[in-house]
Amino acid sequence: MVGNPGSILEGRVTMRMKAVLLLVICMLEPIHVMGGGARPKSVNVGALLTLNSIIGRAVKPSIEAAISDVNADSSVLPGTRLNLVLHDTNCSGFLGTIDALQLMEKDVALAIGPQSSGIAHVISDVVNELHVPLLSLATDPTLTALQYPYFVRVTQSDYFQMYAIADLIDHYGWKDVIAIFVDDDYGRNAISVLGDALAQKRAKISYKAALSPGASVSEITDLLVQVNLMGPRVYVVHLNPDSGLALFSVAKSLAMMTLGYVWVATDWLPSVLDASEPMDHDKMNLLEGVLALRHHIPSSDRKKALVSRWKNLKYTGNRSINSYTFYAYDSVWLAAHALDSFFHNGGNLTFSTDPRLSMLKGSRLNLTSLRIFQGGGELLHLLLATNYTGLAGQYQFDSQKNLVYPTLDILNIVGTGSRRIGFWSNTSGLSVVAPENLKSHNRTFSEQKLYSVIWPGQTTKQPRGWVFPNNGRELRIAVPNRVSFQDFVSKSKDPPGVQGYCIDVFEAAISLLPYAVPHTYVLYGNGKRNPTYNNIVNDVAQNKYDAAVGDITITTNRTRIVEFTQPFLDSGLVIVAPVKRTTSTAWAFMKPFTLEMWAVTGVFFILVGAVVWTLEHRLNSEFRGSPRQQIMTILWFSLSTMFFAHRENTVSTLGRLVLIIWLFVVLVINSSYTASLTSILTVQQLTSGIRGLDSLIASGDRIGIQDGSFARNYLINELNIAASRIVTLKDENDYALALERGPRNGGVAAIVDELPYIEVFLANVDCLYDIMGQEFTKSGWGFVFQRDSPLAVDLSTAILTLSENGNLQRIHDKWLSNSVCSDQSDETVETRLSLQSFWGLFLIMGVACFVAIVCFFCKVIGQYCKFNKEDTVDEIEPSVRPRPALRLSSFRELMVFVDRKEDEVKEILRSKKSMVRRGGIDSVSNGQPLDSPT
């Protein structure tokens, strides 16, 4: 029977609507549970541990005790119990992976562990896929938040431990260390960080000695014998706690726990010692003098309470305790607080099938049973946001999911146990004060130091940390094969194949070292010309040679790539130029002053004579007479003051003032003239205009330098001298020939070279040349070693010893001549005096003359005004014939008035005053004529 099509369509629509409604109800049901569901009665918390290990035996009872304490505390997770699901990874990456998968089948909300870095790498991929937070005790610094988002480290990363070791190495001044480590992720990755940390302190890992995780005693012995043949004596040991002590047992048998050795162990060693109960004295004697780092656990009442009840815990197994015990205990409480917040925010334990695993449904591995924790992301966020203070300190995570404020104890292991000598944190560095008690802004320098250490061999003296390698390899030393100045270093037919001042100094210094240094010399250069010294230094820096010995100057650029010893000879660039002893000439007396100085001096002699004559003419009869006589008086008086032989007396105040100042000027001029003339007659004069560095640069003449010297780069780069002006000279003969020719005949005006070479050169040229000016660089010669070489430090001490006991000077006297030119002065400089040296005196003299003349004419004009006040009054002198009226209206009349005697003018003025008082004379029509000379 065929039904109604409309009824059939309506029935189908109704069925579809019911199906959609059922689907919506199914989707809404879990959302409803997540939004306001009740807290679960239990939560599975997983634990992945290597139970049969030192850390596993310390962590397992701690986790179990924490689970019990959380379940007994009603303030945390009320109504919910934590259920521990424990799996043993058996210290195997393969079995650990299987255990992790089995653990995830139990729908755990989070997991604690593992302590193995290798297993943590594998398990982190699993928890990332299933969104299960992993609270790990692994310290591998490469377990980062970027690669493993669900990995949360609840202990301190080895990143900080390696930087603490670098600070420790730097504190004691060591530069080379040997790293002994287990060859797995835990060991390799930490030592890689150590290399970076040491590089920031200008130190390095000289050799990385890797041990397999299950290394036998014979393998350990072979490795220690190998590293013992090397130079560094500072060993950083980063091994597994369960097998690391075997290394120290072998080191003890090889006498490597004695004087001169330094052992620094990471936190694995304190973990072993802290877990030993009771204390094993044999272990302590084995480790005497070792430095070790341990995670810092601050003292607190809660910590003491856990330690006091540790022995009474009901959980079976070894009850050893170390720093990981407290981290594991705190991890459970950290998880409990995060879960409490998770449930408080309405979270629910909901797991769903991983769609990417559904494709493996037919596999016998049953991987489809692994489900994704839907609330894993939110729980992870709550874990990272938790700020919780536990037994191990504050739990707060930075952006890299590392604990903030990492802190380490620095221990010194002695026979009776371990003693803490200081602390390290990433905020305060090394300190003897615990970081929780140390405010960074109140730190003092003394608080940065560590307490004293008892080193291997029961000594408190700090080891040097380095000896010369006893591996049968000789030190390869580059020696310049010079063709000039061979007294410093040169090739020799006799052993050791080289000779010279530098070689003797080096051999004397080597003999003072407390250890033997086998070495061989290798000539550098073809013997036809001096080698380029920058190339020698670069080859040492590139490890082509172990060192370089010779006349090598210490410069700034070179110190950036190699290590120099203490300078054994002072050096610096100087200028040498020709000198010639001149004979006296008939005009030698004119040389002390320049022409300008002579001219100005002569002008002032005439000027002062004229000024004094003007000031004395009206008062002093010795300065009066006929015009010819007065001119002679001016000349005689001015010139005679040069010898202080003037016979004329000065009576005016202004004249005496001018004369006193002038006599002082003459005294200075006479003294300077005498000194300059003496110098000219006794000191050699330069044949060129080179008087020092400034005149050399300004001259534009060619400059000679030694072949291979750094002086070329210095002149071009530092003094901006054109390269075309610089001439390279091969040897001493080229020096003399170039200076003899001079710049105009294909030679040079001067030579720039280091002082030791110039002193040797000048000792053999019969005083024909001399040093111009002073050294314009200050440096020295040193021996070259590779960067941060300890041998450079020891040799520097030996060089200082040679200097103090006088042997360095005796070697100098043996090879280098001290003869100097007997009639050559220390400096040959221009001795002619110019006006620039005396313009101040002439200025004072000129001002004095000007002021005196102004005062004189002011006085004269005043008298003139009084004299001519009454136009109608004539002065009549009985003894003189009648004169015309005194009407001075012209400059000539004023000069005539000035020429009159002072006494005569005063007498006329007195006569006028008397006539005015009598009132008997109205006018003077006939008086003494003013133009009559006296």
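Within each chain, residues carry numbers counting from 1 in the order of the written sequence. Per-residue local features of the predicted model are confined to residues with pLDDT of at least 70, and side-chain atom pairs are confined, for both listing and counting, to 80 or more; whole-chain, interface and lining totals are unaffected and use all residues. Calculated side-chain values reflect all of the structure's heavy atoms, with hydrogen atoms and water omitted.

**Quick look at the overall build of the protein**
- Numbering goes from the N terminus for both helices and strands, where a helix is a DSSP run of H or I of at least four residues and a strand is a run of E of at least two. The number of helices and strands found in the protein is 28 helices and 32 strands.
- Counting over 934 residues, the protein shows a buried share of 49%.
- Excluding contacts between residues fewer than 6 apart, the proportion of contacts in the protein whose partners are at least 24 apart in sequence is 73%.
- Areas reported as accessible are Shrake-Rupley estimates using a 1.4 Å probe. Residue values count occlusion only from the protein chains shown. Per element, the accessible surface of the protein, about 45100 Å² overall, is 55% carbon and sulfur. Residue burial is assigned from relative accessible area. The probe radius is 1.4 Å, only protein chains are included, and a residue is buried under 20% of its type maximum, exposed over 50%, and partly exposed in between. Any two residues having at least one pair of non-hydrogen atoms within 4.5 Å are treated as being in contact.

**Examining the confidence of the model for the protein**
- The score called pLDDT rates the predictor's confidence residue by residue, from a low of 0 to a high of 100. For the protein, the average pLDDT comes to 82, and 81% of its residues sit at 70 or higher.
- In the predicted structure, residues 870-889 sits below a pLDDT of 50 and forms 57 contacts with residues beyond four places in sequence or in another chain.

**Points about the side chain of aspartate 753**
- When you line up the elements, aspartate 753 lands in strand 29 (residues 750-754).
- Of the side chains bearing the opposite charge, arginine 482 lies closest to the buried aspartate 753, which forms no salt bridge; the N-O distance is 6.6 Å.
- Think of a polar contact as two N or O atoms within 3.5 Å of one another; within protein, one of them needs to be a possible hydrogen donor and the other a possible acceptor, and neighboring residues in sequence only count if both atoms come from side chains. Looking at aspartate 753, its side chain comes within polar contact range of the side chain of tyrosine 735, at 2.4 Å.
- Among residues more than four places away in sequence, those in contact with aspartate 753 are Phe485, Gly572, Leu573, Val574, Gln706, Ser709, Tyr735 and Ile758. In this tally Asp and Glu are treated as negative and Lys and Arg as positive; neither His nor the chain ends contributes. Take a side-chain nitrogen of Lys or Arg and a carboxyl oxygen of Asp or Glu: if they are within 4 Å of each other, that pair is a salt bridge.

**Focus: the pattern of salt bridges**
- Under the definition given, this model contains 20 salt bridges.
- One salt bridge in this structure joins aspartate 167 and lysine 201, with 3.1 Å as the shortest N-O distance. Of this pair, aspartate 167 sits in helix 5 (residues 158-171) while lysine 201 is found in the loop between helix 6 (185-200) and strand 7 (204-211), placing the two residues 34 residues apart along the sequence.
- A salt bridge links arginine 188 to aspartate 183, with the shortest nitrogen-to-oxygen separation between them at 2.8 Å.
- Owing to a relative accessible area of 36%, arginine 188 belongs among the partly exposed residues under this scheme.

**Examining a nonpolar patch on the surface**
- What goes into a patch is any residue over 30% in relative accessible area without a salt bridge, connected to like charges within 9 Å or, for nonpolar side chains (Val, Leu, Ile, Met, Phe, Trp, Tyr), within 5 Å. A contiguous nonpolar patch, built from Trp839, Leu843, Val847, Phe850, Val851 and Val854 and spanning about 590 Å² of accessible area, is present on the exposed surface.
- Relative to the helices and strands, valine 854 resides in helix 26 (residues 839-867).

**Thoughts on the pairing of strand 9 (residues 262-265)**
- Along strand 9, one buried face is formed by Val262 and Val264 and the opposite face, lined by Trp263 and Ala265, is buried too.
- Examined bridge by bridge, strand 8 (residues 234-238) and strand 9 share 4 bridges and lie parallel to one another. The residue of strand 9 that forms the bridge with valine 234 is valine 262.
- With the strands pointing away from the viewer, any crossover whose connection runs clockwise from the first strand over the helix to the second is right-handed. Handedness of the β-α-β unit built from strand 8, helix 8 (residues 245-253) and strand 9 comes out right-handed.
- Paired strands, in this sense, are two strands between which DSSP finds at least two bridges. Direction of pairing for strand 9 relative to strand 10 (residues 291-295): parallel, over a ladder of 2 bridges.

**Side note on the packing of aromatic side chains**
- Any two rings among Phe, Tyr and Trp, with Trp reduced to its six-membered ring, count as a pair given centres within 6.5 Å; such a pair is stacked if its planes are under 30 degrees apart, edge-to-face if over 60, and tilted if neither. In total, this model carries 35 aromatic pairs according to the counting rule given.
- Judged by centre distance (6.3 Å) and plane angle (70 degrees), the rings of phenylalanine 506 and tyrosine 521 are edge-to-face. With phenylalanine 506 in helix 14 (residues 501-511) and tyrosine 521 in strand 21 (residues 519-524), this residue pair connects regions lying 15 residues apart in the sequence. Exposure class is identical for phenylalanine 506 and tyrosine 521. Each is buried.
- Put simply, the rings of Phe485, Phe488, Tyr735, Tyr757, Phe761, Tyr769 and Trp781 touch in pairs and so form one group of aromatic residues.
- Criterion for a charge above a ring: Arg CZ or Lys NZ at most 6 Å from the ring centre, at most 35 degrees from the ring normal. For lysine 303, the ring lying beneath its charged end belongs to phenylalanine 326, and the centroid distance is 5.7 Å.

**Section: the sheet that holds strand 4 (residues 134-136)**
- Strand order in the open sheet formed by 5 strands is 2-1-3-4-5, and the pairing between neighbours is parallel. The open sheet has two free edges, formed respectively by strand 2 (81-88) and strand 5 (151-153), since each of these has just one partner strand. Between one strand and the next, the sheet's axes are offset by a mean angle of 25 degrees, whatever the strand orientation.
- Relative to strand 3 (residues 110-112), strand 1 (residues 42-49) runs parallel, the two being bridged by 3 bridges. For every element, the axis is a line fit to its C-alpha atoms; helices are fit only across the contacting stretch, and the angle between N-to-C directions ranges from 0 to 180 degrees.

**Things to note about the packing of helix 3 (residues 93-104) against helix 4 (residues 117-130)**
- One way to put it is that helix 3 packs onto helix 4 with a least axis distance of 9 Å and a crossing angle of 25 degrees. Considering their axes alone, helix 3 and helix 4 lie roughly parallel with respect to each other. Every pair of crossing elements has a handedness; the one defined by helix 3 and helix 4 is right-handed. Between helix 3 and helix 4, the contacting residues are Gly93, Gly96, Thr97, Ala100, Leu101 and Met104 on the first element and Ile119, Val122, Ile123, Val126, Val127 and Leu130 on the second. For this classification, under 35 degrees means roughly parallel, over 145 means roughly antiparallel, 65 to 115 means roughly perpendicular, and everything else is oblique. Note: crossing handedness is left-handed where the near helix turns anticlockwise from the far helix by less than a right angle, and right-handed where it turns clockwise.

**Some words on the environment of isoleucine 811**
- Inspection of the secondary structure assignment puts isoleucine 811 in helix 25 (residues 807-815).
- Between the C-alpha atom of isoleucine 811 and that of alanine 508, which follows or precedes it by 303 residues, the distance is 9.3 Å.
- If we ignore the near neighbours within four places in the chain, the residues touching isoleucine 811 are Tyr501, Asp504, Val505 and Ala508.

**Looking at the sheet that holds strand 10**
- In spatial order, the strands read 7-6-8-9-10-15-16-17; together these 8 strands make up an open sheet with mixed pairing. What marks the edges here is a single partner per strand, and that holds for strand 7 and strand 17 (429-431). Ignoring strand direction, the axes of neighbouring strands in this sheet form an average angle of 25 degrees.
- Inspection of the sheet shows strand 6 (residues 176-182) paired to strand 8 by 4 bridges, in the parallel sense. By the bridge assignment, isoleucine 180 is partnered in strand 8 with valine 237.
- Strand contacts of helix 9 (residues 268-275): strand 8, strand 9, strand 10 and strand 15 (407-414), with the helix running at about 80 degrees to strand 10, the strand carrying the most contacts.

**A closer look at helix 17 (residues 595-616)**
- For helix 17, built from 22 residues, the straight-helix expectation of 32 Å at 1.5 Å per residue is met to within 8% by its first-to-last C-alpha distance of 32 Å.
- Every buried residue of helix 17 is accounted for by Met597, Thr601, Phe604, Phe605, Val608, Gly609, Val611, Val612, Thr614, Leu615 and Glu616. By this rule, a helix spans an expected 1.5 Å times one less than how many residues it contains.

**A closer look at empty space enclosed by the protein**
- The definitions used throughout rest on a 1 Å grid laid over the protein atoms alone, on which a cavity is an enclosed set of points accommodating a 1.4 Å probe that cannot get out and a pocket is an open set flanked by protein within 12 Å on both sides along at least five of seven lines; lining residues are those having an atom within 4 Å of a point. Grid points are joined across faces, edges and corners, and a volume is the space filled by probe spheres set on the points. Taken as a whole and assessed by the stated rule, the structure comprises 3 cavities of 30 Å³ or more.
- By volume, the largest cavity amounts to about 80 Å³.
- Around the largest cavity sit Arg482, Tyr533, Asp551, Thr553, Arg558, Gln706, Asp707, Gly708, Ser709, Phe710, Glu754 and Tyr757, which together line it.
- Three residue categories are used. Nonpolar comprises Ala, Val, Leu, Ile, Met, Phe, Trp, Tyr, Cys and Pro, charged comprises Asp, Glu, Lys and Arg, and polar comprises the others, including Gly. When the residues that make up the lining of the largest cavity are grouped by side-chain class, the tally is 3 nonpolar, 4 polar and 5 charged.
- As a volume, the second largest cavity reaches approximately 40 Å³.
- Lining the second largest cavity, in full, are Pro270, Leu273, Asp274, Arg294, Leu411, Ile413 and Ser418.
- Mapped onto the lining of the second largest cavity, the elements with two or more residues apiece are helix 9 and strand 15.
- Looking at the lining of the second largest cavity element by element, the count peaks at 3 residues for helix 9.
- Across the lining of the second largest cavity, the residue classes break down as 4 nonpolar, 1 polar and 2 charged.

**Brief notes about the state of the cysteines**
- Throughout, disulfides are identified as pairs of cysteine sulfur atoms within 2.5 Å of each other. Under the counting rule described, the total for this entry stands at 0 disulfides.
- Take cysteine 855: it sits in no disulfide, and the sulfur closest to it among the cysteines is that of cysteine 858, at 6.5 Å.
- Overall, the relative accessible area of 37% leaves cysteine 855 in the partly exposed class.

**Remarks on the nonpolar core**
- As used here, the term nonpolar core means buried Ala, Val, Leu, Ile, Met, Phe, Trp, Tyr and Cys residues forming a set that is joined through side-chain atoms within 4.5 Å. By size, the foremost hydrophobic cluster in this structure holds 73 residues, and its most contacted members are Leu82, Met104 and Leu339.
- The element that contributes the greatest number of residues to this core is helix 12 (residues 323-344), accounting for 14 residues.
- Once residues lying within four places of it in the same chain are set aside, the contact partners of leucine 82 are Val43, Val45, Ile67, Val70, Asn71, Leu77, Val332, Ala336 and Leu339.
- Within the second largest apolar cluster, 55 residues are counted, among which are Phe468, Phe485, Val576 and Ile751.

**Some words on the packing of helix 12 against helix 13 (residues 376-385)**
- For the pair helix 12 and helix 13, interaxial distance at closest approach is 9 Å and the crossing angle is 125 degrees. By the angle between their axes, helix 12 is oblique relative to helix 13. Between helix 12 and helix 13 lies a crossing of right-handed hand. Contact residues: Leu334, Ala335, Ala338, Leu339, Ser341 and Phe342 in helix 12; Glu378, Leu379, Leu382 and Leu383 in helix 13.
- Of the residues that constitute the contact of helix 12 with helix 13, the class distribution is 8 nonpolar, 1 polar and 1 charged.

**Comments concerning the side chain of serine 571**
- If you trace the backbone, serine 571 turns up in strand 24 (residues 569-571).
- Taking relative accessible area as the criterion, serine 571 reaches 2% and is therefore assigned buried.
- Once you skip the residues sitting within four places of it in the chain, serine 571 turns out to touch Glu754, Leu755, Pro756, Glu775, Thr777, Lys778, Ser779, Gly780 and Trp781.

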